[in-house]
Amino acid sequence: VVTAMRRLEDSTVVQEQACAALWNLSVNCSNDNAIAKEGGIKAVVSAMRQNEGSAGVQKVACEALRTLAYCNDANTTAIAKAG
């Protein structure tokens, strides 16, 4: 998912769907470390910055970050540092 976000960073549709996928995966707290390790937090924040005018991207990205932070203090810190 993160690789697709990097390769297709100009596609709002891909960014929205990828953020939604990360949101879905992060609901299971056991996935949070792997998502962060693979660059998921930075990819979500980047998608938000690159798609400021897309309510869809903003919504699913916020939800992804919220669930990534929910079970994991290290992710909370990483999200704050990412912007």
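Above this note sits the structure.
Notes on the structure follow. (Residues numbered from 1 in each chain as written. Predicted model: local features only at pLDDT ≥ 70, side-chain atom pairs only at ≥ 80, totals over all residues. Heavy atoms only, no water.)

Details of the state of the cysteines
Next up, step 1: Taken as a whole and assessed by the stated rule, the structure comprises 1 disulfide.
Next up, step 2: Between the sulfur atoms of C29 and its disulfide partner C71 the distance amounts to 1.7 Å. One end of the pair, C29, is in the loop between α2 (12-26) and α3 (32-37); the other, C71, is in the loop between α5 (55-70) and α6 (73-82), with 42 residues separating them in the sequence.
Next up, step 3: For the unlinked cysteine C19, the closest cysteine sulfur is that of C62, found at 9.4 Å. (Disulfide = S-S within 2.5 Å. Helix = DSSP H or I, 4+ residues; strand = E, 2+ residues; numbered from the N terminus.)

A few points about the packing of α5 against α6
Next up, step 1: For the pair α5 and α6, the least separation of the axes is 6 Å and the interaxial angle reads 140 degrees. In terms of orientation, α5 lies oblique with respect to α6. In contact with L65, L68 and A69 of α5, α6 contributes N75, T76 and I79.
Next up, step 2: Class assignment of the residues belonging to the contact of α5 with α6 gives a composition of 4 nonpolar, 2 polar and no charged. (Axes fitted to C-alpha atoms, helices over the stretch in contact; angles between N-to-C directions. Parallel < 35°, antiparallel > 145°, perpendicular 65-115°, else oblique. Contact = heavy atoms within 4.5 Å. Nonpolar A, V, L, I, M, F, W, Y, C, P; charged D, E, K, R; others polar.)

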